[in-house]
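The residues making up each chain are set out below.
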Amino acid sequence: MVEDVGARGGRLPRLRLDQLLDELQVRIDAVRGRQDRVHSLLEAVLSVGRELDLPQVLRQIVESAVALVDAEYGALGVVEDTRLSEFLTVGIGQDEREAIGPLPSGHGILGELIRHPEPLRLREIAEHPASYGFPPNHPPMHTFLGVPIRVRDEVFGNLYLTQKRGGGEFDAEDETVLRTLAVAAGVAIENARLYKTARDRQLWMEANADIVAALLSGTDEMDVLRDIVHRARSIAGADLGVLALPVEDSTDLRVVIAVGTDADDHRGLRLPREGSFIGAAMAAGEPITTAEIQKDPRVTAGPPRFGGLGPTVAVPMVTDEGARGAVLLARAEQRPPFTQDESVPLLGFAGQAALALQLAERRRSAEQLTVLEDRDRIARDLHDLAIQRLFATGMTLQSTLRFVDHPEAAERLMRAVDDLDETIKIIRSTIFGLRAKDATRAPAGLRARAAANVEDAGRALGFAPALHMEGLLDTDVPADVAEDAVAVLTEALSNVARHARATAVDVTLAVTDGTLTVAVTDNGIGLAPDGHRSGLRNLAVRAERLGGAMETGPGPGGGTRLVWTVPLCREEPGRP
């Protein structure tokens, strides 16, 4: 009996010892688990801190959060003006994301964390008063853990974790781990922002230096403007870049440069200042932004052209003389909006575009002054030297006639005198054309007006058309015919800019054998068989009214050739 009791007494301490050892093993495993978790947290902090590219930093944060708290799904929402401007997800495939539809903007439980940026832990999402369900095709989610990410005193965004693996709930330890990661994430985001700001500043400085060098070297203004739009679009990470300038003698704006997504839908458009986003920027005199250009109330005019685009910034091209145009940059839908740090450098860069226009105008004024001075000099030389010598030669030949007895020789001398008279008339008409000026100093002759017209068309086309002029356009073409010719040239070049998709245009104005010919040839896509041709019919009517005709057809190397011809009524010039 004693032995039985002793045996039991020996077994009881041994059983107690086994229990203690098992409990100790559990605690050791728990400590090891916590140690492993701390190591994982440190590794996550280090991996997040090593990145400097902001999109990659954000992706690394949410992936690390999902791994640390053992969640099935994770997301990081970037907060902009009490709404979600970005939403990065982990655990949901591309097909599921497309089936769910648009990304959330910040309502329900997500909005709760935006309105109250404090850690939030839920056993069941549907039981929270702010929850109102999930959209169709959304995977089921029950448990929830969310913490804010702060950058200094600013709430940058929120981390959202759902569906603890194994069917359990997120506990206080999970919350502590996630809050620790959020602190490290805030530091990493700030570092990435500073790096991006410094990198962008360097890119803007390099771009500014290149533009200044191009301006000083006398590069064509359109090439400079095109380079400005390309550089701005690249540095700002935009999908579309547009530059618009005021239309002469109008309050409208014309898009002269468009590069990127659906650029053809914008290039050449004529828009009113009131009712367009670019016009609103010019009126404000400072950058304006929108997160959704398709829904912005300031865009009320023009054809639909912003499909698939969202965040947009428009920056006026400002000089001391005011806004001379504007640059617009747009990103695709669901991409992050333009920040102030991105918009401010754009204002100075757009000022370079305004400077390019200003320098080009002054350069043209200086060149025009030089041309006018040369014309005056040439006119004086022709009048004082050439005409006097020709006139003297004609008088000498006329006086020689009385000494010539042979009839054929006398006839030849008379023809020579007539030719000299005609030459004198031509030189005098040339002098008149060189010196003719409008009271407003605007181009008055057909030559000057045609040259100005072709130059203006070059802005819409993106390149300078080739111009050839022959004959006495300023003296032999009556004013009413010249008006029609300029109108024909304007319409023809406008059609090329809007429809032809040409890379070269050749323009010819010629007066030969009493006929004025205006020809415009491009290497574009040619005339559509069923295209709308009311403009061409108007040109034909102008020609018929003047007793002429108009023909259109394919050009020598493809494209389209338009030839507009009308007869001229010239009086027979008399002798001087």
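Counting restarts for each chain, with residues numbered from 1 along the sequence as it is written. Residues qualify for local features only when their pLDDT is at least 70, as the model is predicted, and side-chain atom pairs are given and counted only at 80 or more; totals for whole chains, interfaces and linings, by contrast, use all residues. In computing side-chain values, all of the structure's heavy atoms are included and hydrogens and water are not.

A. Examining the overall build of the protein chain more closely. When helices and strands are tallied, the protein chain shows 13 helices and 16 strands. Accessibility here uses a 1.4 Å probe with only protein chains present; expressed as a share of the type maximum, an area under 20% marks a residue as buried, one over 50% as exposed, and anything in between as partly exposed. For the protein chain, the residues scored as buried account for 40% of the 576 residues in total. Every accessible area reported is derived by Shrake-Rupley at a probe size of 1.4 Å, with residue values counting cover from the shown protein chains alone. Total accessible area on the protein chain is roughly 31400 Å²; 52% of this is exposed by carbon and sulfur atoms. To qualify as a helix, a DSSP run of H or I must reach at least 4 residues; to qualify as a strand, a run of E must reach at least 2; elements of each kind are numbered from the N terminus.

B. Just the confidence of the model for the protein chain, in detail. Confidence in the prediction of the protein chain, expressed as mean pLDDT, is 77, and 77% of residues score 70 or more. As a per-residue measure, pLDDT reflects the predictor's confidence and takes values from 0 up to 100. Two residues form a contact once any of their heavy atoms are found within 4.5 Å. Confidence over residues 437-443 falls short of pLDDT 50; this stretch has seven contacts with residues more than four positions distant or in other chains. Segment residues 570-576: pLDDT under 50, and 13 contacts once partners within four positions in sequence are set aside and those in other chains are kept.

C. Just the pattern of salt bridges, in detail. Whenever Lys or Arg places a side-chain nitrogen within 4 Å of a carboxyl oxygen from Asp or Glu, that contact is recorded as a salt bridge. What the rule picks out here adds up to 17 salt bridges. Among the ionic pairs, Arg121 bridges to Glu175, the shortest N-O distance being 3.0 Å. Here Glu175 lies in helix α5 (residues 172-216) and Arg121 lies in strand β3 (residues 120-122), a separation of 54 residues in the sequence. Of the residues examined, Glu175 reaches a relative accessible area of 15% and is grouped as buried.

D. Focus on unusual backbone geometry. Phi is positive for Gln163, close to 60°, though the residue is something other than glycine. With respect to the helices and strands, the residue Gln163 is situated in strand β5 (residues 154-164). On the basis of relative accessibility, which here comes to 14%, the residue Gln163 falls in the buried class.

E. Structural view of the nonpolar core. Put simply, buried Ala, Val, Leu, Ile, Met, Phe, Trp, Tyr and Cys residues joined by side-chain atoms within 4.5 Å make one nonpolar core. In terms of nonpolar packing, the biggest core is built from 34 residues, with Val477, Leu489, Leu516 and Trp564 touching the most fellow members. Broken down by secondary-structure element, the contributors of at least two residues to this core are α10 (446-461), α12 (479-500), β13 (505-512), β14 (515-522), α13 (534-545) and β16 (560-567). Top element by residues in this core is α12. It accounts for 10 residues. Beyond its immediate sequence surroundings of up to four residues, Leu489 is in contact with Ala450, Asn453, Val454, Val507, Leu509, Val518 and Val520.

F. Here's a closer look at the packing of aromatic side chains. Aromatic rings from Phe, Tyr and Trp, with only the six-membered ring used for Trp, were paired whenever their centres fell within 6.5 Å, and each pair was classed as stacked if the ring planes differed by under 30 degrees, edge-to-face if by over 60, and tilted otherwise. Applying the stated criterion across every chain yields a total of two aromatic pairs. Centre to centre, the rings of Phe87 and Tyr160 are 6.2 Å apart; their planes meet at 35°, and the pair counts as tilted. One end of the pair, Phe87, is in strand β2 (residues 83-90); the other, Tyr160, is in strand β5, with 73 residues separating them in the sequence. Judged by relative accessible area, Tyr160 falls into the buried class, the value being 3%. Ring centres of Phe144 and Tyr160 lie 6.2 Å apart, and the angle between their planes is 40°; on these two criteria the pair is classed as tilted. Here Phe144, found in strand β4 (residues 144-151), pairs with Tyr160, found in strand β5; they are 16 residues apart in sequence, far enough to count as distant. For the pair shown, Phe144 and Tyr160 are each scored as buried. Three or more aromatic residues link up through ring pairs in this structure, and these residues are Phe87, Phe144 and Tyr160.

G. Focus on the packing of α10 against α12. Axis definition: a line fitted to C-alpha atoms, limited for helices to the stretch in contact. Angles are taken between N-to-C directions and run from 0 to 180 degrees. Interhelical geometry of α10 versus α12 gives an angle of 15° and a closest axis separation of 10 Å. One finds that α10 runs roughly parallel with respect to α12. Regarding α10 and α12, the two cross each other, and that crossing is right-handed. Note on element contacts: α12 touches α10 through Ala482, Glu483, Ala485, Val486, Leu489, Thr490, Leu493, Val496 and Ala497, opposite Leu446, Arg449, Ala450, Asn453, Val454, Ala457, Ala460 and Leu461. Residues of the contact of α10 with α12, tallied by class, amount to 13 nonpolar, two polar and two charged. Here roughly perpendicular refers to angles of 65 to 115 degrees, roughly parallel to angles under 35, roughly antiparallel to angles over 145, and oblique to all remaining angles. By convention the crossing between two helices is left-handed if the near helix lies anticlockwise of the far one by an angle smaller than a right angle, and right-handed if it lies clockwise. Put simply, Ala, Val, Leu, Ile, Met, Phe, Trp, Tyr, Cys and Pro go in the nonpolar bin, Asp, Glu, Lys and Arg in the charged bin, and everything else, Gly too, in the polar bin.

H. Representation of the environment of Leu329 in the model. Along the chain, Leu329 falls in strand β11 (residues 322-332). For the pair Leu329 and Ala258, spaced 71 residues apart in sequence, the C-alpha to C-alpha distance is 9.9 Å. Not counting the four nearest positions on each side in its chain, Leu329 is found in contact with Ala232, Arg233, Ala236, Ala238, Leu240, Gly241, Pro311, Thr312, Val313, Phe338 and Leu346.

I. Looking closely at the sheet that holds strand β8 (residues 270-272). Whether two strands pair depends on DSSP finding at least two bridges between them. Ordered in space as β8-β7-β6-β11-β10-β9, the six strands form an open sheet in which the pairing is antiparallel. Both edges of this open sheet fall to β8 and β9 (288-290), since each of them pairs with a single strand only. Sheet twist, expressed as the mean angle between neighbouring strand axes with direction ignored, is 25°. Across eight bridges, the pairing between strand β10 (residues 309-319) and β11 is antiparallel. Each bridged residue has a counterpart across the sheet, and for Val313 the counterpart in β11 is Leu329. The strands touched by helix α6 (residues 221-236) within the sheet are β6 (240-246), β7 (252-260) and β11, with β7 carrying the most contacts at an inclination of about 60°.

J. Local environment of helix α2 (residues 54-68). Between the first and last residue of a helix there are one fewer steps than residues, each counted as 1.5 Å, and that sum is the expected span. Between its first and last C-alpha atoms α2 spans 21 Å; for 15 residues at 1.5 Å apiece the expected length is 21 Å, and the two agree. Of all the positions in α2, only Leu54, Val57, Leu58, Gln60, Ile61, Val62, Ser64, Ala65, Val66 and Leu68 are classed as buried. Remark: Asp70 follows α2 within two positions and exhibits a positive phi of approximately 55°.

K. Fine view of the side chain of Arg331. Considering the arrangement of structural elements, one finds Arg331 in strand β11. Excluding its chain neighbours within four sequence positions, the residues that come into contact with Arg331 are Ala236, Gly237, Ala238, Asp239, Leu309, Gly310, Pro311, Pro336, Pro337, Phe338 and Glu342.

L. Expanded view of the environment of Val57. Secondary-structure assignment places Val57 in helix α2. Residue Val57 is classed as buried on the basis of its relative accessible area of 0%.

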